[in-house]
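Chain by chain, the residues:
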Amino acid sequence: MKKTKRQLTSKVVSFTGEFYPEVPEPTPAGNNIAAYLVIIAAALVAGLSMGTIATYQSADQVQLRQMKAQSQQLEKVKNQVCK
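This is a predicted model, so every value here is computed, not measured.

## Thoughts on helix α1 (residues 33-56)
- For α1, built from 24 residues, the straight-helix expectation of 34 Å at 1.5 Å per residue is met to within 8% by its first-to-last C-alpha distance of 34 Å.
- Taken across its 24 residues, α1 has zero buried, putting it largely on the surface.

Put into structure tokens, the structure is as follows:
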């Protein structure tokens, strides 16, 4: 028995007689709501983190942290002197 290799199926275009390989139909893309939700969540997290960094490094917040540290130091000195 002689084994033959299987060839790709071709169809004949009736007007020109040329052979073209059959191309399978592409499957339609599904609804990618999950991908959009991931992108939106990532953008939200990035926006929140940038806002937090900007707030933490603002001049008012730096001054507030310095004043709090000075207040704590003053409280320690006050406790040492008053004892």
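## A closer look at a nonpolar patch on the surface
- Nonpolar side chains collect at one region of the surface, where Ile33, Tyr36, Leu37, Ile39 and Ile40 lie side by side and expose about 570 Å² of accessible area between them.
- Its place among the elements puts Ile39 in helix α1.
- Using a relative accessible area of 57% as the deciding quantity, one classes Ile39 as exposed.

## Brief notes about the confidence of the model for the protein
- In this model, the protein carries an average pLDDT of 83, and 75% of its residues clear a pLDDT of 70 or more.
- At the level of individual helices and strands, the protein shows its lowest average pLDDT in strand β1 (residues 10-12), which scores 66, and its highest in α1, which scores 93.

## Description of the packing of aromatic side chains
- On inspection of all chains with the given rule, the structure shows zero aromatic pairs.
- The ring of Tyr56 carries the charged tip of Arg65 above its face, separated from the ring centre by 3.9 Å.

Conventions used here
Per chain, residues are indexed from 1 in the order of the written sequence. In keeping with the model being predicted, local features are shown solely for residues with a pLDDT of at least 70 and side-chain atom pairs are shown and tallied solely at 80 or more, while totals for entire chains, interfaces and linings include all residues. The basis for every side-chain value is the complete set of heavy atoms in the structure, and neither hydrogens nor water enter the calculation. For the purposes of this entry, the term helix denotes a DSSP run of H or I that reaches at least four residues, the term strand denotes a run of E that reaches at least two, and both are numbered from the N terminus. A helix is expected to reach a length of 1.5 Å times the quantity of its residues less one. For every residue, the accessible area obtained with a 1.4 Å probe (protein chains only) is divided by the maximum for its type, and the residue is called buried under 20%, exposed over 50%, and partly exposed between those limits. Like-charged residues within 9 Å of one another, or nonpolar side chains (Val, Leu, Ile, Met, Phe, Trp, Tyr) within 5 Å, are grouped into patches, provided each residue has over 30% relative accessible area and no salt bridge. Computed by Shrake-Rupley with a 1.4 Å probe, the accessible areas treat only the displayed protein chains as cover when residues are assessed. Only one rule defines a salt bridge in this text: a Lys or Arg side-chain nitrogen within 4 Å of an Asp or Glu carboxyl oxygen. One confidence number per residue, pLDDT, is output by the predictor and ranges from 0 to 100. Here the aromatic set is Phe, Tyr and Trp, taking the six-membered ring for Trp, and pairing holds for ring centres within 6.5 Å; pairs whose planes are under 30 degrees apart are stacked, those over 60 apart are edge-to-face, and all others are tilted. By definition here, charges over rings are those cases where NZ of Lys or CZ of Arg is within 6 Å of the ring centre and within 35 degrees of the ring normal.

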